[in-house]
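Structural description and commentary
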Amino acid sequence: MADTTALTFQSPPADDPYDLAPLVGSWVRSLRSRNLSPNTIKIYEHAGLQLAESIRAYRPADEKAKPIPTELDEIHREHVESHITTVLERTSPGNAHQAFRSLKTFFNWLVGEEELDRSPMRTMQPPIVPEKDVPVIPDDALLRLLKQCSGKDFESRRDTVIIMLFIDTGIRLSELTVRNVVHIDIDVLEFTVVGKGGRERRVPIGRQTTVAVDRYLRAYAKHIGRPLEPNDPLWIGVKTRRRMLKWGIADIVERRAKAAGLPHIHPHQFRHTFAHQWKLRGGNEDALMRITGWRSREMLSRYGASAAGERAREEHKKLSPSDRLYGR
């Protein structure tokens with residue numbers, strides 16, 4: 001009787017998989033020479049090293065699959081697709097899309113450096129990222145958040161200013177974080193930040209925020225027992241008195257929201273809320289792009305999208321055709 005036991009595909013013996021990590025290191029050094037932001041470089045490096053690890057762990061699914069690459073030019077679209085699929089399964093479409101963009105840049109760099117004749121990703125399409133509306137923060141929640149920070153101690157003054165700057169400017173978490181005292185000017189009501197691509201811009205701040213900043217800077221000087229210097233970090237820990245990193249700033253928002261009895265608030269929600277409020281009150285779109293540092297008008301529709309219905313209703317109240325006909 002014939003043996004009907006299913007056979008499991010076993011890949012033939014091969015040499016060691018190609019180690020992509022040294023080239024990722026060269027790419028990162030090249031990125032640094034272009035003066036890209038540390039966060040961008042970190043994202044690119046992470047994507048490259050993840051692919052390197054994926055190639056080392058790659059095993060053909062069946063006899064028709066591409067073999068394990070042992071040379072750089074043996075890395076095929078199929079190997080990259082396998083990696084992107086793994087990222088999709090383990091994380092999210094957004095992370096997979098980010099990895100795709102980073103790796104496409106990496107392989108284009110390899111072609112430019114003449115390490116490869118052509119990119120294995122040249123005909124690949126990015127993974128689809130479903131549209132996901134980010135909820136804006138209602139006014140009553142913003143007031144509860146600020147009320148939770150009320151107080152005259154250093155920590156209260158600091159946390160109040162951090163939240164007010166998020167509300168008043170819509171700046172990114174990374175833009176708010178690595179700043180010094182010199183970057184905020186309470187006389188001309190401006191906060192200088194560095195956005196994506198290392199682009200510096202001056203963001204206007206309101207009168208109430210300026211008053212809060214002034215109070216904070218006075219509390220800051222008392223807290224450290226000396227006058228502030230221009231290059232002092234703008235945000236420091238209460239006990240450590242060292243510069244706060246973005247995770248520390250995000251933790252302040254989360255902690256204050258929890259204490260105020262609010263659901264989780266991510267700092268990026270302030271950016272969506274700022275855009276929504278600006279558009280709701282008829283703010284100029286070019287000015288909004290300048291303040292937020294957007295270079296694509298596509299962002300105008302993406303940000304604050306979750307509250308687009310509210311804006312449409314408010315606009316309809318002003319422009320209702322039937323109300324116009326009846327003179328109301």
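Residues numbered from 1 in each chain as written. Predicted model: local features only at pLDDT ≥ 70, side-chain atom pairs only at ≥ 80, totals over all residues. Heavy atoms only, no water.

Concerning the packing of helix 1 (residues 21-33) against helix 4 (residues 93-112)
As a reminder, the rule being used: Convention adopted: a line fitted to C-alpha atoms gives each axis, helices being fitted over their contacting stretch, and angles between N-to-C directions are expressed from 0 to 180 degrees. For the purposes of this entry, the term helix denotes a DSSP run of H or I that reaches at least four residues, the term strand denotes a run of E that reaches at least two, and both are numbered from the N terminus. Angular relationships are summarised with four words: roughly parallel below 35 degrees, roughly antiparallel beyond 145, roughly perpendicular across 65 to 115, and oblique for the angles in between. Note on definitions: a residue-residue contact is assigned when non-hydrogen atoms from the two residues lie within 4.5 Å. Just so you know the grouping, Ala, Val, Leu, Ile, Met, Phe, Trp, Tyr, Cys and Pro go in nonpolar, Asp, Glu, Lys and Arg go in charged, and all remaining residues, Gly too, go in polar.
Direction vectors running N to C along helix 1 and helix 4 enclose 90 degrees, while the axes themselves pass 11 Å from each other. Between helix 1 and helix 4, the interaxial angle falls into the category roughly perpendicular. Across from Leu 23, Val 24, Ser 26, Trp 27 and Ser 30 in helix 1, the residues of helix 4 making contact are Ser 102, Thr 105, Phe 106, Trp 109 and Leu 110. Along the lines of polarity and charge, the residues of the contact of helix 1 with helix 4 split into six nonpolar, four polar and no charged.

Quick look at the sheet that holds strand 2 (residues 190-194)
Stated precisely, the cut-off is as follows: At least two DSSP bridges between two strands are required for those strands to pair.
Strand order in the open sheet formed by three strands is 1-2-3, and the pairing between neighbours is antiparallel. Two strands in the sheet have a free side with no partner beyond their single neighbour: strand 1 (184-185) and strand 3 (200-204). In this sheet, strand 3 lies alongside strand 2 in antiparallel orientation, the contact comprising five bridges. Directly across from Val 194, in strand 3, lies its bridge partner Glu 200.

What to know about the nonpolar core
In plain terms, the rule: Side-chain atoms within 4.5 Å link the members of a nonpolar core, which is a set of buried Ala, Val, Leu, Ile, Met, Phe, Trp, Tyr and Cys residues. Relative accessible area decides the class of each residue, using a 1.4 Å probe on protein chains only: under 20% of the type maximum gives buried, over 50% gives exposed, and in between gives partly exposed.
Trp 235 and Phe 270 are the most contacted members of the largest nonpolar core, which totals 48 residues. For this core, the secondary-structure elements that each account for two or more residues are helix 5 (139-148), helix 6 (154-169), helix 7 (173-177), strand 2, helix 8 (207-224), helix 9 (246-259), helix 10 (267-280) and helix 11 (285-292). Tallying contributions element by element places helix 6 first for this core, with seven residues. By size, the runner-up hydrophobic cluster in this structure holds 29 residues, among which are Leu 20, Leu 23, Leu 31 and Ile 84.

Quick word on the side chain of His 183
Basically, it comes down to this: Under this definition, polar contacts are N or O atom pairs within 3.5 Å; protein pairs additionally need one hydrogen-donor-capable and one acceptor-capable atom, and for neighbouring residues in sequence, both atoms have to be side-chain atoms.
By secondary structure assignment, the location of His 183 is in the loop between helix 7 and strand 1. Side-chain polar atoms of His 183 contact the backbone nitrogen of Asn 180, separated by 2.9 Å. Discounting chain neighbours no more than four positions away, the residues touching His 183 are Glu 190, Phe 191 and Thr 192.

Overview of the pattern of salt bridges
Operational definition: Throughout this description, the term salt bridge denotes a Lys or Arg side-chain nitrogen within 4 Å of a carboxyl oxygen of Asp or Glu.
Counted under the stated rule, the structure contains 15 salt bridges. Linking Arg 172 and Glu 175 is a salt bridge whose minimum nitrogen-to-oxygen distance equals 2.4 Å. Both residues of the pair, Arg 172 and Glu 175, belong to the buried class. Among the salt bridges present, the one from Asp 251 reaches Arg 255, with a minimum N-O distance of 3.5 Å.

Considering the side chain of Asp 232
Secondary-structure assignment places Asp 232 in the loop between helix 8 and helix 9. If near-sequence neighbours (up to four positions away) are discounted, Asp 232 is found in contact with Asn 180, Val 181, Tyr 220, Ile 224, Arg 226 and Pro 227.

Some remarks on the packing of aromatic side chains
The way to describe two aromatic rings as a pair is by their centre distance and the angle between their planes. Basically, it comes down to this: Paired rings are identified among Phe, Tyr and Trp, the last through its six-membered ring, by centres lying within 6.5 Å, and are further divided according to the angle between planes into stacked (under 30 degrees), edge-to-face (over 60) and tilted (the rest).
Counted according to the given criterion, the structure contains ten aromatic pairs. An angle of 5 degrees between the planes, with centres 5.2 Å apart, marks the rings of Phe 166 and Phe 270 as stacked. Here Phe 270 lies in helix 10 and Phe 166 lies in helix 6, a separation of 104 residues in the sequence. In this structure an aromatic cluster arises from ring pairing among Trp 27, Tyr 44, Phe 106, Phe 107 and Trp 109.

Examining a negative patch on the surface
Spelled out, the test is: Think of a patch as exposed residues, more than 30% relative accessible area, with no salt bridge, where like charges cluster within 9 Å and nonpolar side chains (Val, Leu, Ile, Met, Phe, Trp, Tyr) cluster within 5 Å. All accessible-area figures derive from a Shrake-Rupley calculation using a 1.4 Å probe, and residue coverage is judged against the displayed protein chains alone. In this tally Asp and Glu are treated as negative and Lys and Arg as positive; neither His nor the chain ends contributes. To locate a charge, take atom NZ for lysine, CZ for arginine, CG for aspartate or CD for glutamate.
Together, Glu 71, Asp 73, Glu 74, Glu 113, Glu 114, Glu 115 and Asp 117 give the surface a local cluster of negative charge. Taking relative accessible area as the criterion, Asp 73 reaches 62% and is therefore assigned exposed.

Some details on helix 5
We count it as follows: The arc in question is the one spanned by the directions pointing from the helix axis to the C-beta atoms.
Among the residues of helix 5, Ala 141, Leu 142 and Leu 145 are the ones counted as buried. The buried residues of helix 5 occupy an angular sector of 100 degrees when the element is viewed end-on, so they sit on one face. Facing away from the buried surface of helix 5 by more than 90 degrees, the exposed residues are Leu 143 and Lys 147. Looking at the buried positions of helix 5, the neighbouring elements they touch are helix 6, helix 9 and helix 10.

Description of the environment of Val 129
Take Val 129: it is sitting in the loop between helix 4 and helix 5. Distance in space between the C-alpha atoms of Val 129 and Lys 152 is 45 Å, their sequence separation being 23 residues. Residues within four places of Val 129 in sequence aside, it is in contact with Pro 93, Gly 94 and His 97.

Side note on the pairing of strand 3
With burial as the criterion, only one face of strand 3 is covered, namely that bearing Arg 201 and Val 203; the residues Glu 200, Arg 202 and Pro 204 on the opposite face remain uncovered. Counting the residues that bridge the hairpin from strand 2 to strand 3 gives five residues, and of these Gly 197 lies at a positive phi of roughly 75 degrees.

Some points on unusual backbone geometry
In this structure, Asn 35 is a non-glycine residue whose phi angle is positive, near 60 degrees. Counting through the fold element by element, Asn 35 comes out in the loop between helix 1 and helix 2 (38-57). In the Ramachandran plot, Arg 241 falls in the positive-phi region, its phi being about 60 degrees despite a non-glycine side chain. Here Arg 241 is to be found in the loop between helix 8 and helix 9.

Focus on helix 2
Threshold: The span one expects for a helix is its residue count, reduced by one, times 1.5 Å.
The end-to-end C-alpha separation of helix 2 is 28 Å, in line with the 28 Å expected for 20 residues at 1.5 Å each. Within helix 2 the residues assigned to the buried category are Ile 41, Tyr 44, Ala 47, Gly 48, Leu 51, Ala 52, Ser 54 and Ile 55. When helix 2 is viewed along its axis, its buried side chains cluster within an angular range of 165 degrees and face the same direction. Residues Pro 38, Lys 42 and Ala 57 are exposed on helix 2 and point more than 90 degrees away from its buried face.

Keep in mind these values describe shape, not function.
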